Amino acid sequence: VPNPYLNSKSTHEKIAAIRAKASNPTKPNLDYAQESGMYPESFPHFVRGRDSLREHITSLFTSRIALYDGAMGTMIQNYAKRNRLEEEEYRGDRFKDWTCNTKGNNDQLSISQPHIIQGIYREYLEVGGSDMIGTNTFSSTTIAMADYEMEDYVYELNYEGARLAREVCDEVTAKDPTKPRFVVGAIGPTNRTGSISPSVEDPAARNVTFDELVDAYFEQIVGLMDGGSDILMVETIFDTLNAKAALYAVGEYLEFTGLDIPVFVSGTLVDQSGRTLSGQTGEAFYASIRHAKPMCVGLNCALGAEHMTPFVERLAKCVECFLHVYSNAGLPNAMGGYDESPTDMAEANKVFFENGWLNMVGGCCGSTPPHIKAIRETSESFKPRKLPDVGRPKMWLSGLEDLVVDDVHNHLGMPFLNVGERCNISGSIRFKKLMMAGDYETAMDIAKKQVVDGAHVIDINVDDGMLDGLAAMQKFVKIAITEPEVSKVPFMLDASKFEIVLAGLKWCQGKCIVNSISLKVGEELFKEQATLLKKHGCAVVVMAFDEEGQAATESEKVRICKRSYDILVDEVHFPPEDIIFDPNVLTIGTGMEEHANYGVDFINATKTIKEQCPYVKISGGISNLSFGFRGVMKIRESIHSVFLQHAILESGMDVGIVNPHEMIAYDDLEDDMRILCDNLVFNKNEEATDDMLERTTYERACVVARKKRLPLPRKPRGKMPNLPRLQFDYDKVAPKPAVEPPLPTSEAAQNHVPNPYLN
């Protein structure tokens, strides 16, 4: 649906409140619609309010490599070399009595020296040939403007930065309507980070919260859109949590206005490690923000094109949308300048065009309109990147590294995601003691060991009546994020209270799993919680609970999961591949008849749910299954091994909360133990529980004997299966109908000789 460009009709109370406190000296114009007949209706022409910008960009990006602009800061510096641009000029008339120095606040020039900014915009459009130009608003948030005490001017800074660009774009477009020019509202990273501690002594310290970032970005977005922006670009992202906050704010704006605004996202890999400042790989960065459905994703800043090449190639192989690059003009020299000439920079970018990796290209630090012109001329003979084919949707998680769940095999070779259970108060007594003592540093060692032992995801649960779960979850996550050996894997945030998982979620830069929500809170609250989690872009565990209670039987598990699926997919529009159902692994071997079939019910329900609910995952807390045999790990893990062998390979179970270190491969089980477990899990006979209890007694006695260095007790004989007997041909003769009882062996009897009765 085309954007009508009638922002005055966007009257949501949150938007209205921002406009009401704006510092603009006169009432700003908010509407930028054009007459529908202004230009022809066919591509490449574009008329605001008539045409879909999403469709136009798709046509543009698939027909040729589009051109973004170059560096704003470099151009301002170049202007200052030719003209006076000191404190007085930065202030202008508007800020002449300002209480602090403002030189260096480039965004301020949109208000105090608009002719400078418009001149730079014009050069990029006319000399460089840019199709799109970014607004001079890189630092225009309340957070960044605090350095200059200009928080109250944020709306105006963004409005003016966008308005000036709008005017020049329209002016240049009018000269050649076959090449319409667009305004990209530039949203920078701010000068604070949500994932990185500002204190060496305190890894849990932060100088900004997720909610503060969202509020700051939302105000910026309102100003950018009111100023006439066509596109929103979250750029120069060195901490993905900041980007997620910005995209959350974008999502809020789009929800409040009902508009379709194309969103671009640009990350920054800070060195040759190919990682952001907060430690993520390019693939993990993309996996973390793809829920926002950006139209174009790419890299900018920090590196020159030559140094970006391997990382652009990796992104080109995984990004589902359009791809861009706007690199620096090489690496900075000893004086902080950039030495690549326009010809050099164009040549360095050529590898991107030759390989068909890009849909849009521009320049960052050190680049100027001549650089963009040279890049444009070099790119003209190459085709843009083809969008990748659309395949089966998959769950794509991320920590510092990305993880495609559907492609995972665990350390035993099973197609199964190991969720480490030991950072769970109910799963580890040691972890519980550390949490109670506030010893987070040692608790990190438990998390590290889980990863070493084979956990793909770390479950974090701090539920305990004697602990402030809200504070503990946030502190643990904030510290864990700073530990690369822990945070390289995604997290599962696990709590009985929704506010606790939500609080933890706001400190995770990667795409994590929330455990859990369910229909037991009622349909409306269930949808509300699911909608909020969808906005944050996480995967979710949905328990097989509803208003009537916990599902225990196969039919109830299937019914509740199918009902939940239909609500999530059809009403909330939650991605089905990001849904993990937990149909409740319940305890077997309790001696109660009604519990005996719980293993069978789970395994059968798993397959049916996977058949009826496409793309979902099935998970469960595996330790629940053998809770009746606690204290004897060999017994418990043997039961788990048999259960998982069938649940995974025969029914499609994908995920489980386990202790990877203790897991036993099915083929490594002792034959008699496998039989005992099989009988118990599949409820094959009435003696299954008693037989396993007998074996448990023996295994417990063995543990005691080993500790005391005593001879091992005699092993129970158990019930071994009857093996088949070798058969010969005569064993295979089919039975014949009997005509008389068996005969004695005497000749008379055999030949039926009559008795002569001659005694």
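Residues numbered from 1 in each chain as written. Predicted model: local features only at pLDDT ≥ 70, side-chain atom pairs only at ≥ 80, totals over all residues. Heavy atoms only, no water.

Undergrad: In this structure, what is going on with the overall build of the protein? I would like to understand it.
TA: When its secondary structure is counted, the protein shows 26 helices and 20 strands. For the protein, the C-alpha atoms occupy an extent of roughly 150 × 60 × 50 Å along the three principal directions. Taken across its 759 residues, the protein has 56% of its residues classed as buried. Within the protein, residue pairs in contact and separated by at least 24 positions form 74% of the contacts whose partners lie at least 6 positions apart. As displayed, the protein has an accessible area near 33100 Å², and 51% of this comes from carbon and sulfur atoms. One finds the centroid of the 79 positive side-chain charges in the protein at a distance of 3 Å from the centroid of its 108 negative side-chain charges. (Helix = DSSP H or I, 4+ residues; strand = E, 2+ residues; numbered from the N terminus. Buried < 20%, exposed > 50% of the residue type's maximum accessible area, 1.4 Å probe, protein only. Contact = heavy atoms within 4.5 Å. Areas by Shrake-Rupley, 256 points an atom, 1.4 Å probe, with all protein chains shown as cover. Lys, Arg positive; Asp, Glu negative; His and termini not counted. Charge placed at Lys NZ, Arg CZ, Asp CG, Glu CD.)

Undergrad: How do you make sense of the environment of alanine 287 when you look at a structure like this?
TA: One can find alanine 287 in helix α11 (residues 282-289). Judged by its relative accessible area of 0%, alanine 287 falls in the buried class. Between the C-alpha atoms of alanine 287 and alanine 551, which are 264 residues apart in sequence, the distance is 33 Å. Excluding residues within four positions of it along the chain, alanine 287 makes contact with Trp396, Leu397, Ser398, Asp402 and Lys511.

Undergrad: Explain the sheet that holds strand β18 (residues 579-582) to me, please; I cannot follow it from the model alone.
TA: Pairing within the open sheet is parallel, and its eight strands lie in the order β19-β18-β15-β14-β13-β12-β11-β20. Each end of this open sheet is capped by a strand with a single partner; those strands are β19 (617-618) and β20 (655-658). Relative to strand β14 (residues 513-517), strand β13 (residues 491-494) runs parallel, the two being bridged by three bridges. Bridge assignment links leucine 493 to a residue of β14, and that residue is valine 514. The sheet strands contacting helix α17 (residues 469-481) are β12 (457-461) and β13, and the helix crosses β13 at an angle near 175 degrees. (Pairing = 2+ DSSP bridges. Axes fitted to C-alpha atoms, helices over the stretch in contact; angles between N-to-C directions.)

Undergrad: Looking at this structure, how should I read the nonpolar core?
TA: Note on soluble globular proteins: their nonpolar side chains tend to be buried together. In terms of nonpolar packing, the biggest core is built from 206 residues, with Met132 and Phe643 touching the most fellow members. A total of 10 residues in this core trace back to one element, the largest contributor, which is helix α9 (residues 210-226). In contact with methionine 132, not counting residues within four places along its chain, are Ile57, Leu60, Phe61, Leu67, Tyr68, Asp69, Phe182, Val184, Ile231, Phe264 and Met360. Counting 17 residues, the second largest nonpolar core, distinct from the first, contains Met395, Val408, Met492 and Met543. (Core = buried A, V, L, I, M, F, W, Y, C linked by side-chain atoms within 4.5 Å.)

Undergrad: Explain the pattern of salt bridges here, please?
TA: Once their charged atoms are close, side chains differing in charge can pair, the charge on each being opposite to the other. Taken as a whole and judged by the stated rule, the model has 53 salt bridges. Arginine 166 serves as the salt-bridge partner of aspartate 170, at 3.2 Å between the closest nitrogen and oxygen. With aspartate 170 and arginine 166 both in helix α8 (residues 154-175), this residue pair falls four residues apart, about one helical turn. The partner of glutamate 421 in a salt bridge is arginine 422, with the nearest N and O atoms 3.4 Å apart. One continuous salt-bridge network, built from bridges that share partners, spans Lys634, Glu670, Asp672, Arg695, Glu699 and Lys715. (Salt bridge = Lys/Arg side-chain N within 4 Å of Asp/Glu carboxyl O.)

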